[in-house]
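Fold and contact review
For reference, the chains in residue letters:
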Amino acid sequence: MSTTAPARPPRAGAPEERRPDTRPGRVGGGLSDPKQLAAALPDALRKLDPRAMAKSPVMFVVWVGSVVTTGLALTDPGDWFGWAISAWLWLTTVFANLAEAVAEGRGKAQADTLRRARTGTVARRVTGTGGEEPAPGTELRVGDLVVCEAGDVIPGDGDVVEGVASVDESAITGESAPVVRESGGDRCAVTGGTKVLSDRIVVRITTKPGDTFIDRMIGLVEGADRRKTPNEVALNILLASLTIVFLLAVVTLKPFAVYAGADAQTSLVVLAALLVCLIPTTIGALLSAIGIAGMDRLVQRNVLALSGRAVEAAGDVSTLLLDKTGTITLGNRRACAFVPVRGVTEAELAGAARLSSLADETPEGRSIVDLAQETVEAGAAPLPDAPADAEWVAFTARSRMSGVDAGGRRIRKGASGAVAAWVEERGGRVPEDARELADGIARAGGTPLLVAVEDAGGARVLGVVHLKDVVKEGMRERFAELRRMGIRTVMITGDNPLTAKAVAEEAGVDDFLAEATPEDKLALIRREQAGGKLVAMTGDGTNDAPALAQADVGVAMNTGTSAAKEAGNMVDLDSDPTKLIEIVAIGKQLLITRGALTTFSIANDVAKYFAIVPAMFTVAYPGLETLDVMGLASPESAILSAVIFNALVIVALVPLALRGVRYRPAGADAMLRRNLAVYGLGGLVAPFAGIKLIDLLLSLIPGLR
């Protein structure tokens, strides 16, 4: 398997394949962006519909409390305290809805951009007789063949079955550089709404109208198709359980208060305020926004997660399967050394290798020319240019070598066995050190190219060019980070075990699977999962589909086949296999953010006990006044300050929920300690300071003391 297609000779006028844009995305905005706030406010108010509020048990209780206190305030219009509590409970509900609406609003903006790409097109459908007929894109069915030429918008998702063309995919990926799509191989998939820039292709439609890639993207980024993830459901159940416990506790307080003589201090308005302050409203208000923002961070990095569960699974991944070619290595072997045989200088070998590679447009050929030029710059004699009468010999799978015939010399460069046979056929002899050099390079994980020449002195070997599959810069450090996170990395390659071992050691991966077949990959994933591990992998070919479907996180490349994209639960629009590491980090950031804000939400309830309980029962039990450690101005001010803080803390934490808690690679124990130290301790301390500050401000208002 390879996530990069084999190199093809460039066609005249064809655009270069773009390099993926791997710049980190940024989640901005939130409540600090006035435009987003203004756009989200109407949606937040619409979400006050009880049918919408019922989806979040915690916030539904707050909504009911708002309705009840409003009704009580209406029965006693002169009760300023009842109106104040009611107003702040409504604001608490609106702030929670606003957090979700802001998160959804950014997705809707992205969906509007996608809708502009999903224009109604008239397709040129191939008829049964081989002719063409116009057909609206909405009437195309799976299996239909459509013709697309330069300037045409591709009417639906499909696979190229004939021809090759450059395609503008900027509507999907945001990248202006066109890409090449061709029949056969792993670069045949095209997306509806993209535009053909050159040549002619025939596309077989693979999706029904309304179920195209763009349609699915629109549904997902808008949140219409977002389902609660398993962790989200479990946390909702926990929050609902805590809410029921606190509800029962508050209900039982009234009889105790009547018995203790504190009936006047425990009105329904006060009990409603107490309940709202005690239940975990902070995380209940932000839970949906955290999930939506996590999906949004992926979209900003041009990754489409087809389910929220996949994002969560990415955060819990313990085994990462990475393709060697294009992921760990650059994907193109490069010349790293000229190794001459005895009696030949490095400059002589470099000159011959360069001359044989001047017409070689493969990455390997260009790297030989570059390395030879570096040899000149290092002080060697200038290298000769190609003579005008040069006859180039192209590489073929049969000959396994290429070269040039010029000036009475024949130079050949290629596989060791092929070049050795060429020399022996012409009466030459292959020196023993040439074979030893080639074998040594192979054992080290490189690829040896033998260089030979035939001139007036006969046929002879000049030396070996060492080709090396170059490991991408910084990969060892990234794998070290993953190791600190407790993630095991496995390199997948079709290379022989010796080459695979050498590359694995240089890159710093934990393990490797050599000479891998699709069946081997599938078996490896199942073995890891049988051991209780979650597995992530990337793929782009039809042969990767079974493994992508089996993996807990299967990231398909957008340049890959339709089968691969259907099998995976994520699609990388940039087709950058290394992005899998970023996806894992985003998944972990989502889980850490949810855990951190849950910790803060539960911890910040403690201060509210010290504010509200003394205010309710000090009259009946004067000894409880010692619990009023904040020295609040009055019982009414204490309760109102707690309710106001409960509402404002949601607003304060919305940017953090949307941006996510900063993620640093570390083990689970270290992250738990940091979470408790920052958000647990912060959740304990911040409410004391916040409630006291609000109380001081309220005490400045005449008539509230």
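Everything in this summary refers to the structure shown in the same document. Residue numbers run consecutively from 1 along every chain, following the written order of its sequence. Selection of residues for local features in this predicted model requires a pLDDT of at least 70, selection of side-chain atom pairs for listing and counting requires 80 or more, and totals for whole chains, interfaces and linings are taken over all residues. By convention in this description, side-chain values take in all heavy atoms of the structure and omit both hydrogens and water.

1. Looking at the overall build of the protein
Helix numbers and strand numbers start at the N terminus; a helix is a DSSP run of H or I with at least 4 residues, a strand a run of E with at least 2. When helices and strands are tallied, the protein shows 23 helices and 21 strands. Burial classes: relative accessible area under 20% of the type maximum marks a residue as buried, over 50% as exposed, and values in between as partly exposed (1.4 Å probe, protein chains only). Out of the 705 residues in the protein, the part that is buried amounts to 51%. Pairs at least 24 residues apart make up 70% of the contacts formed inside the protein by residues separated by at least 6 positions. For accessible areas, the Shrake-Rupley method is used with a probe of radius 1.4 Å. Any residue's cover is judged against the shown protein chains and nothing else. A total of about 30500 Å² of accessible surface is found on the protein, and carbon and sulfur atoms cover 57% of it. Note on definitions: a residue-residue contact is assigned when non-hydrogen atoms from the two residues lie within 4.5 Å.

2. Quick look at the pattern of salt bridges
Salt bridges are defined as contacts in which a side-chain nitrogen from Lys or Arg sits within 4 Å of a carboxyl oxygen from Asp or Glu. Under the criterion given, the structure shown has 28 salt bridges. Linking glutamate 424 and arginine 435 is a salt bridge whose minimum nitrogen-to-oxygen distance equals 3.2 Å. With glutamate 424 in helix α13 (residues 416–425) and arginine 435 in helix α14 (residues 432–443), this residue pair connects regions lying eleven residues apart in the sequence. You can call arginine 435 partly exposed: its relative accessible area is 35%. A single salt-bridge network, built from bridges that share partners, covers Arg124, Glu132, Glu149, Asp152, Glu162 and Arg200.

3. Topic: the sheet that holds strand β18 (residues 511–513)
The strand order β9-β21-β20-β19-β10-β17-β18 describes an open sheet built from seven strands, whose pairing is mixed. Two strands bound the open sheet, and with one partner strand each, they are β9 (303–305) and β18. On average, adjacent strands in this sheet sit at an angle of 20 degrees to one another, irrespective of strand direction. Being paired, for any two strands, means DSSP has found at least two bridges between them. As paired elements, strand β10 (residues 319–323) and strand β17 (residues 488–492) share five bridges and run parallel to each other. By the bridge assignment for β17, leucine 321 is matched with valine 490. To define axes, lines are fitted to C-alpha atoms, for helices over the stretch in contact only, and angles between the resulting N-to-C directions are given on a 0 to 180 degree scale.

4. A few points about unusual backbone geometry
Residues other than glycine seldom take positive phi values, yet aspartate 199 does so here, at roughly 65 degrees. Here aspartate 199 lies in the loop between β7 (195–196) and β8 (200–205). Positive phi is not limited to glycine here, since asparagine 302 has a value of about 60 degrees. Along the chain, asparagine 302 turns up in the loop between α9 (281–300) and β9.

5. Section: the pairing of strand β2 (residues 132–136)
Here strand β1 (residues 122–126) runs beside β2; their pairing, made up of five bridges, is antiparallel. For valine 126, the partnering residue across the bridge sits in β2 and is glutamate 132.

Keep in mind these numbers describe shape, not what the thing actually does.
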